[in-house]
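Residue-level structural notes
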Amino acid sequence: MNIDWAALASVFGVSLVVTVALVGLFTLGITGLAKQASTTQAGGTGVLARTGAYACFALCAAAVAYGIYLIVA
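Residues numbered from 1 in each chain as written. Predicted model: local features only at pLDDT ≥ 70, side-chain atom pairs only at ≥ 80, totals over all residues. Heavy atoms only, no water.

1. Some remarks on the overall build of the protein
Counting its secondary structure elements, the protein contains 2 helices and 0 strands. The C-alpha radius of gyration of the protein comes to 18 Å, more than 25% above the 11 Å expected for a compact globule of 73 residues. Across its three principal directions, the C-alpha atoms of the protein cover 65 × 25 × 10 Å. Per-residue burial over the protein gives 11% buried out of 73 residues. As displayed, the protein has an accessible area near 5,600 Å², and 76% of this comes from carbon and sulfur atoms. (Helix = DSSP H or I, 4+ residues; strand = E, 2+ residues; numbered from the N terminus. Rg over C-alpha atoms; globule rule 2.2 N^0.38 Å. Buried < 20%, exposed > 50% of the residue type's maximum accessible area, 1.4 Å probe, protein only. Areas by Shrake-Rupley, 256 points an atom, 1.4 Å probe, with all protein chains shown as cover.)

Now the structure itself:
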């Protein structure tokens, strides 16, 4: 059995980077929702924070859908 270590390392590296990016993006979405909640309690609208949070969640969903597409197709 012959293992292509360079390809394995490449897949590991890409997986690690994408995982960290998705977790960071999801964290930004949660932070945006928390910011929107605190802004609303302070008397503001928080529309920009909520819109940014929803955009982060949409990008996370798009990345997951693309990953599923890559697995299925």
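2. Concerning the packing of helix α1 (residues 5–41) against helix α2 (residues 47–72)
Interhelical geometry of α1 versus α2 gives an angle of 155 degrees and a closest axis separation of 8 Å. Taken together, the axes of α1 and α2 are roughly antiparallel relative to one another. Relative to α2, α1 is oriented so that their crossing is left-handed. Listed contacts from α2 to Leu22, Leu25, Phe26, Leu28, Gly29, Ile30, Gly32, Leu33, Lys35 and Gln36 of α1 are Ala49, Arg50, Ala53, Tyr54, Cys56, Phe57, Leu59, Cys60 and Ala63. Of the residues contributing to the contact of α1 with α2, the split by class is 14 nonpolar, 3 polar and 2 charged. (Axes fitted to C-alpha atoms, helices over the stretch in contact; angles between N-to-C directions. Parallel < 35°, antiparallel > 145°, perpendicular 65-115°, else oblique. Left-handed = near helix turned anticlockwise from the far one by under 90°. Contact = heavy atoms within 4.5 Å. Nonpolar A, V, L, I, M, F, W, Y, C, P; charged D, E, K, R; others polar.)

3. A short note on the side chain of Gln36
Of note, Gln36 is situated in helix α1. The contact partners of Gln36, leaving out residues within four places of it in the chain, are Thr45, Gly46, Ala49 and Arg50.

4. Examining the environment of Ala37
For Ala37, the location among the structural elements is in helix α1. The exposure class assigned to Ala37 is partly exposed, which follows from its relative accessible area of 35%. For the pair Ala37 and Gly67, spaced 30 residues apart in sequence, the C-alpha to C-alpha distance is 32 Å.

5. Here's the deal with the environment of Phe57
Among the structural elements, Phe57 can be located in helix α2. In the structure, Phe57 is positioned 33 residues away from Gly24 in sequence and 11 Å away in space, judged by C-alpha atoms. Excluding residues within four positions of it along the chain, Phe57 makes contact with Phe26, Gly29, Ile30 and Leu33.

6. A short note on a nonpolar patch on the surface
Where nonpolar side chains cluster on the molecular surface, the patch consists of Met1, Ile3, Trp5 and Leu8 and spans about 550 Å² of accessible area. Looking at where Leu8 falls in the secondary structure, it is placed in helix α1. Note on Leu8: relative accessible area 47%, which makes it partly exposed. (Patch = residues over 30% accessible without salt bridge, like charges linked within 9 Å, V, L, I, M, F, W, Y side chains within 5 Å. Salt bridge = Lys/Arg side-chain N within 4 Å of Asp/Glu carboxyl O.)

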